[in-house]
Amino acid sequence: MTAFVIPLVVMNGIAVIIFALIMLLKTFVASYGSCQLVVNGSKTFTVQGGTYLNKALFENKVYLPSACGGKGTCGFCKVQVTEGIPDPLPVEEILINYKDIRQGFRLSCQTKLRSDISIEIPEELLSIREYRGVIRSSDYVTRDIKRIGIHIDEPKDGLDFKSGQYLMFKVGEGETRGYSIASTERRQDEVQIEVKLIPNGLGSSYLHSLAEGDELTFFGPYGQFYLRDTSHKVICVAGGVGLAPMKPIIFETLLKYPDRDVELYYGVRTFEDLYDHDMFLRLQANHPRFHYFPTLEKLEETVASTYAFTQGFVNKTLAANLTDGDKSEAYLCGPPLMINSSIKELVEKGVPEIRILYDKF
Amino acid sequence: MSLALIVLASAITNNIALTYFLGMCPFIAISKSLRGAAGMGLAVTVVVVITTTVNYFAYRFVLVPLRLEFLAFVVFIMSIAGIVQMLEILVERYFPSLYSIFGIFLPLITVNCVILAVSLFMVLREYTFWGTVAYSFGSGLGWMIAITAMAGLRKHLAFSSPVKNLGDAGITIVLAGLMALAFLGFQGMLA
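Starting from 1, residues in each chain are numbered consecutively following that chain's sequence as written. To label them, take the chains in the order written and letter them from A, then take the ligands in the order written and number them from 1. This being a predicted model, a pLDDT of at least 70 is required before a residue's local features are given, and a value of 80 or more before pairs of side-chain atoms are given or counted; all residues contribute to the totals for chains, interfaces and linings. Neither water nor hydrogens contribute to the side-chain values; these are computed over all heavy atoms in the structure.

Right, let's get into the overall build of chain A. When its secondary structure is counted, chain A shows 9 helices and 17 strands. Seen through its C-alpha atoms, chain A measures out along the principal axes to roughly 85 × 60 × 40 Å. Of all intrachain contacts in chain A linking residues separated by at least 6 positions in sequence, the fraction that spans at least 24 positions is 68%. About 18,200 Å² of surface is accessible on chain A, with carbon and sulfur atoms providing 54% of the total. In summary, the charge assignment counts Lys and Arg as positive and Asp and Glu as negative, without counting His or the chain termini. Where a charge lies is defined by one atom per residue type, namely NZ (Lys), CZ (Arg), CG (Asp) and CD (Glu). Considering chain A, the positive charge centre built from 39 side chains and the negative charge centre built from 45 side chains are found 3 Å apart. Segments assigned H or I by DSSP are reported as helices when at least four residues long, segments assigned E as strands when at least two residues long, and all are numbered from the N terminus. Here, two residues are considered to be in contact whenever any of their heavy atoms come within 4.5 Å of each other. The accessible surface values rely on the Shrake-Rupley method and a 1.4 Å probe; as for residues, cover is taken only from the protein chains in view.

Take a look at the structure:
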């Protein structure tokens, strides 16, 4: 009998002692008073010391972008600390370059508040809000891409965004994922996104599992990838589900700018991956200023369409059809390989590099 | 065996990273930058000395008198996990600048097998108390030497072009093998 009891008592005794010591340290050592948090020199919050900067900002309704859920791997939540700059952590040295580290840029998810702190964030981040919506529709447009329509319930004045920007969806406790706004029609209380199912992907499998009537929470709008107010020709280069942010860009250009041409270069793997093909063909027929160049990587004999597709990669179609590169600006969204090869092609065609905007995923 | 000999033997001739190939995961992963490698090495050294000393007392004065030597694994793992957490809290509160150097490595150390291995070797080799301290310090120091040397080599690797498919981690393992061969040269230096 004692042969069983003694080991158990010893093991549990040691575990309890260690646990008690940790709890004691947590209560008496790891407690920091309250700190002043100043944002952009104008807003001052009093927050509990010992919390992370991103959590403190979140509680005060300042929503920084984040794709990794505060693990310090995406680098989106970078802020500039102007007063009370903490020493950089090794994770930050990987994601932020040396010059920025010296100027006080830090990851807000890695910065623990131990004393008063002042930070600078881009002014537009202060206008980001939390939205609550209900799913109105969720339909497959290809075998793995779902188009999800969301009705915005809260706040009542709805969502105002720039064409090409994205929203961060809450997909789990503390986890958010970004998806581009894909609405063709601009409405304050409705928004559409397009989600490609990635096997074992946290965000896409969550959003694919939602049905009509389910509620969801998101933040936005984020991103420097939006239609610029110029008079240049708009060149959209999209790969796969990268088509999503192009739709607001195309429709806004056609509606708002009577003298800007739009060209859409759209590359997918096979005919089955192609979506909104008919819509763009109709748009091309109705709008002389819109030109549509779909490209299939693999062209099968049995394609159920009479359209004469180009076969190959998008950059090949770009090379063959793009003119007036120096009077154009380009918007690219798709996988990195496609973006890199297309940027090379665009530069060769004379598009200035500062007018090439892209969103890699 | 004098204490200095134990330190030298465990740090150089029986280097824990290069002769036993223990703690390989952080050895490959954290040796990308010199600062990070030095921080990790320092953290391992500090933690290994503290945990092995605590484990020495737990083993000698609790487990052996009660004839519970078979519980050594469980007790060692529990004490390592607990001590690492306590250290993290203490360092963060009282040495914030030190925390910024090896703060994030501390939780990683919980699963670094060097720490457990040193405690287990301590039992196998039946060191005295000061022998234990010297041995654990030497092992931590040896691991730190190995990882900082590797980080220095990898800095040069950035300017060379190894075989394409050998990539980053692959060539690092080859390098570790070559370093181990070089350390073999120390064998026999200390009888």
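Past the structure itself, the notes keep going.
Residues and elements named next belong to chain B. For the pair helix 4 (residues 72-94) and helix 7 (residues 113-125), the least separation of the axes is 10 Å and the interaxial angle reads 135 degrees. The orientation of helix 4 relative to helix 7 falls into the category oblique. As helix 4 runs across helix 7, the sense of the crossing is right-handed. On helix 7, the residues that touch Phe73, Phe76, Ile77 and Ile80 of helix 4 are Ile115, Leu116, Ser119, Leu120, Met122 and Val123. Axis angles are defined between N-to-C directions and span 0 to 180 degrees, where every axis is a line fitted to C-alpha atoms and, for a helix, only to the segment in contact. The labels follow the angle: roughly parallel below 35 degrees, roughly antiparallel above 145, roughly perpendicular from 65 to 115, and oblique for the rest. Less than a right angle of anticlockwise turn of the near helix away from the far helix marks a crossing as left-handed, whereas a clockwise turn marks it as right-handed.

This brings us to the sheet that holds strand 12 (residues 233-239) of chain A. All names here are of chain A. When DSSP finds two or more bridges between two strands, those strands count as paired. Spatially, 15-14-13-12-16-17 is the arrangement adopted by the 6 strands of the open sheet, whose pairing is parallel. Lying at the two open borders of the sheet, with one neighbouring strand each, are strand 15 (310-311) and strand 17 (356-360). With 5 bridges connecting them, strand 16 (residues 328-334) and strand 17 associate as parallel partners. Bridging across to strand 17, Cys333 finds its partner in Asp359. Running over the sheet, helix 7 (residues 277-286) touches strand 13 (262-268) and strand 14 (290-296) and is turned about 150 degrees from strand 14. On the sheet, helix 8 (residues 314-321) packs against strand 12, strand 13, strand 14 and strand 15 and is oriented at approximately 150 degrees with respect to strand 13.

Turning next to the packing of aromatic side chains. Here the aromatic set is Phe, Tyr and Trp, taking the six-membered ring for Trp, and pairing holds for ring centres within 6.5 Å; pairs whose planes are under 30 degrees apart are stacked, those over 60 apart are edge-to-face, and all others are tilted. Scanning the model with the defined rule gives 23 aromatic pairs over all chains in all. Here the aromatic rings of Phe58 of chain A and Phe219 of chain A are separated by 5.5 Å at their centres, their planes lie at 70 degrees, and the arrangement is edge-to-face. Remark: Phe219 of chain A occurs in strand 11 (residues 215-222) and Phe58 of chain A occurs in helix 2 (residues 53-59); sequence separation between them is 161 residues. Accessibility here uses a 1.4 Å probe with only protein chains present; expressed as a share of the type maximum, an area under 20% marks a residue as buried, one over 50% as exposed, and anything in between as partly exposed. By relative accessible area, which is 43% here, Phe58 of chain A ends up partly exposed. Look at Phe219 of chain A and you get buried, because its relative accessible area is 5%. Taken together through their ring pairs, the aromatic side chains of Tyr56, Phe57, Phe61, Phe129 and Trp130 of chain B make up a single cluster. Charge over a ring is defined by NZ of Lys or CZ of Arg lying within 6 Å of the ring centre and within 35 degrees of the ring normal. The ring of Phe121 of chain B has Arg125 of chain B lying over it, and the distance from NZ or CZ to the ring centre is 4.6 Å.

Residues and elements named next belong to chain A. Annotation comment: domain bounds sourced from an automatic or database domain assignment. Split by domain assignment, chain A resolves into domain 1 (34-125), domain 2 (128-222) and domain 3 (233-360). Each side of the interface is counted separately: domain 1 has 13 residues, and domain 2 has 11 residues. Around 840 Å² of area is buried between domain 1 and domain 2 when both sides are counted, 50% of it from carbon and sulfur atoms. The rule for a salt bridge is simple: a side-chain nitrogen of Lys or Arg has to be within 4 Å of a carboxyl oxygen of Asp or Glu. Linking domain 1 with domain 2 are 0 salt bridges, by the criterion used here. Throughout this description, a polar contact denotes any pair of N or O atoms lying within 3.5 Å of each other; where both atoms belong to protein, one of them has to be capable of donating a hydrogen while the other can accept it, and for residues adjacent in sequence the pair is counted only when both atoms sit in side chains. Counting across the interface, domain 1 meets domain 2 through 4 residue pairs in polar contact (both at pLDDT 80 or more). Here the residues of the side of domain 1 that touches domain 2 sort into 8 nonpolar, 2 polar and 3 charged. The term buried area refers to how much accessible surface (probe radius 1.4 Å) is lost by two components on association, counted for both of them together. Classification convention: Asp, Glu, Lys, Arg as charged; Ala, Val, Leu, Ile, Met, Phe, Trp, Tyr, Cys, Pro as nonpolar; all other residues, Gly among them, as polar.

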